[in-house]
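Per-entry structural report
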Amino acid sequence: MAVADRRTTTPARRADGASPVPRATATPVALGIGLAALATLVWSGSFVTSRALGDSVPPVQHAFWRWVVALAVVAPFGARRAWRQRELIRRHLGFVLLASLLGVTVYNTLVNQAGVTTPAANMGMIMAASPVLMAVHERAGGVRLGARRVAGLLTACAGVLLLVGGGASFSAGDLWMIAAACCFGSYSALLRRRPAGLDGAGFLFTTFLFGTVLLLPAQGVSLAVQGGFSPTPDTVLPLLYVGVASSALAFFAWNKAISLIGPTRAGIVYYLQPVCVALLSWALLAEPTGWAQAGCMALILGGVVLGAGSRG
């Protein structure tokens, strides 16, 4: 279950006068930030993949096979846990279905649709709006964000706005990415309400399963209207990447990060995504990156360092 941010507390002095033993350390915060950074880096690669497959694999089919692969990866250690917790899942079926719809069915399908017409760098920049929505959700839930975290959020946001305003060209596909950012921000905020006792691996398997089933009607329509795609190394290998790394690995890391440091602090780390996407798209897709973009990326990185620290 997601919990509030853990902070280092003042240790109680022992009765025998010996040095106090710390009750908590910064380890959960450091681990949470590391997991959020890992998920962000892996997802950055999936944006490049969505762009690369935009002309060869229909967006819905891209999403469907991604989650089929993810299910196969998670099933060996998640299916049994989900079955053991089936009564808990049934009692919270509405929550699980909403998480599946936002985080699995809709979010990645929108990203893939955007990849048909939108450069990968633009996709990463627009997705940087989702941390703001995470912070709004968390503040609306009564969580105090703290001055340092807000300052980091605003600094990173300023870097993103300057990056977007520095000459990026927008297309109709950017609207799909705005919708995707809203879905992901809402999904991340929703994770704080994960029922107590619901196992992480079991939760992943269940949401992947429900999300894939919810995609079945759209998959059928896509096959009937657009036809299938050719299973070549250029299509299968990227699908394996997004199924194994961007789905199974990254979602587990992100969900765990939310439980350790909360969506706002994880969202600040997520601001690294436009930096990662821009660098990957430059290296792999030859999309241009100049000195102005590099300066904005440095501003984003500074905001992440400021806002993701262990203090409020």
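Here the structure is a predicted model, which means the values were calculated and not measured.

The next subject is the side chain of Ser188. Its place among the elements puts Ser188 in helix α8 (residues 173-190). Accessibility expressed as a relative area gives 0% for Ser188, which makes it buried. Only 3.0 Å separates the side chain of Ser188 from the side chain of Trp254, close enough to count as a polar contact.

Here we take up the environment of Leu280. Within the secondary structure, Leu280 sits in helix α11 (residues 273-285). The exposure class assigned to Leu280 is partly exposed, which follows from its relative accessible area of 25%. C-alpha of Leu280 to C-alpha of Val48: the two residues are 232 residues apart in sequence and 7.2 Å apart in space.

With that out of the way, let us pick up helix α4 (residues 93-114). For α4, spanning 22 residues, the distance from its first C-alpha to its last is 30 Å, which sits close to the expected 32 Å at 1.5 Å a residue. Approximately 35° is the largest bend angle found in α4, and it occurs at Leu101.

With that settled, the discussion passes to the packing of helix α9 (residues 200-226) against helix α10 (residues 233-270). Angle between the axes and distance between the axes are the two parameters that describe a pair of packed helices. It is the contact of α9 with α10, at a shortest axis distance of 11 Å, that shows an interaxial angle of 125°. When the axis of α9 is compared with that of α10, the two are oblique. α9 and α10 meet at a crossing whose hand is right-handed. Between α9 and α10, the contacting residues are Phe203, Leu204 and Phe208 on the first element and Ser247, Ala248, Phe251, Phe252 and Asn255 on the second.

With that settled, consider the packing of aromatic side chains. Summed over the entire model, instances satisfying the criterion amount to 11 aromatic pairs. Through pairs of rings, three or more aromatic residues link up here, namely Trp43, Trp67, Tyr107, Phe184, Tyr187, Phe208, Phe251 and Trp254. Above the plane of the ring of Trp67 lies Arg66, whose end atom (NZ or CZ) is 5.0 Å from the centre. Here the guanidinium or amino end of Arg86 rests over the ring plane of Trp83, the centre of that ring lying 4.1 Å away.

With that settled, consider α10. End to end, α10 covers just 30 Å across 38 residues, shorter than the expected 56 Å (1.5 Å per residue, more than 12% under). Along α10, the sharpest change in direction is near 110° and occurs at Gly262; proline Pro263 comes one to four residues later. Of all 38 residues in α10, 28 are buried; the element is thus mostly enclosed.

Turning our eyes to something else, we now look at the nonpolar core. The biggest cluster of nonpolar side chains holds 60 residues, and the ones touching the most others in it are Phe47, Tyr107, Met127, Phe208 and Trp254. Within the residue set of this core, elements represented by two or more residues are α1 (27-52), α2 (59-84), α3 (86-91), α4, α5 (120-127), α8, α9 and α10. Among the elements that take part in this core, α10 stands out by supplying 13 residues, more than any other. Counting residues in each nonpolar core, the second largest holds 5 residues, with Leu53, Phe229, Leu239 and Val242 among its members.

Before going further, it helps to examine the confidence of the model for the chain. Residues at a pLDDT of 70 or more form 69% of the chain, whose mean pLDDT is 77. In the predicted structure, residues 1-25 sits below a pLDDT of 50 and forms 45 contacts with residues beyond four places in sequence or in another chain.

So, on to the pattern of salt bridges. Counted according to the given criterion, the structure contains 2 salt bridges. Measuring nitrogen to oxygen at the nearest pair gives 3.5 Å for the salt bridge that ties Asp199 to Arg81. Of the two residues, Asp199 is situated in the loop between α8 and α9 and Arg81 in helix α2; the sequence distance between them amounts to 118 residues. You can call Arg81 partly exposed: its relative accessible area is 40%. Between Arg90 and Glu87 there is a salt bridge, with the nearest N and O atoms lying 2.9 Å from each other. One end of the pair is Arg90 and the other is Glu87, both in helix α3 and 3 residues apart, which spans about a single turn. With a relative accessible area of 43%, Glu87 lands in the partly exposed category.

In the contact formed by α2 and α4, the axes pass within 8 Å of each other and the chain directions differ by 135°. With respect to α4, the axis of α2 lies oblique. Every pair of crossing elements has a handedness; the one defined by α2 and α4 is right-handed. Taking contact as the criterion, the partners of Pro59, Val60, His62, Ala63, Arg66 and Trp67 in α2 are, on α4, Gly103, Val104, Asn108, Thr109, Asn112 and Gln113. Across the contact of α2 with α4, the residue classes tally to 5 nonpolar, 6 polar and 1 charged.

Cut-offs applied
Residues numbered from 1 in each chain as written. Predicted model: local features only at pLDDT ≥ 70, side-chain atom pairs only at ≥ 80, totals over all residues. Heavy atoms only, no water. Helix = DSSP H or I, 4+ residues; strand = E, 2+ residues; numbered from the N terminus. Buried < 20%, exposed > 50% of the residue type's maximum accessible area, 1.4 Å probe, protein only. Polar contact = N/O pair within 3.5 Å; in protein donor to acceptor, adjacent residues only side chain to side chain. Expected span 1.5 Å × (residues − 1). Bend = angle between axes of the 7 residues up to and from the residue. Axes fitted to C-alpha atoms, helices over the stretch in contact; angles between N-to-C directions. Parallel < 35°, antiparallel > 145°, perpendicular 65-115°, else oblique. Left-handed = near helix turned anticlockwise from the far one by under 90°. Contact = heavy atoms within 4.5 Å. Phe/Tyr/Trp six-rings, centres within 6.5 Å; stacked < 30°, edge-to-face > 60°. Lys NZ or Arg CZ within 6 Å of the ring centre and 35° of its normal. Core = buried A, V, L, I, M, F, W, Y, C linked by side-chain atoms within 4.5 Å. pLDDT = per-residue confidence, 0-100. Salt bridge = Lys/Arg side-chain N within 4 Å of Asp/Glu carboxyl O. Nonpolar A, V, L, I, M, F, W, Y, C, P; charged D, E, K, R; others polar.

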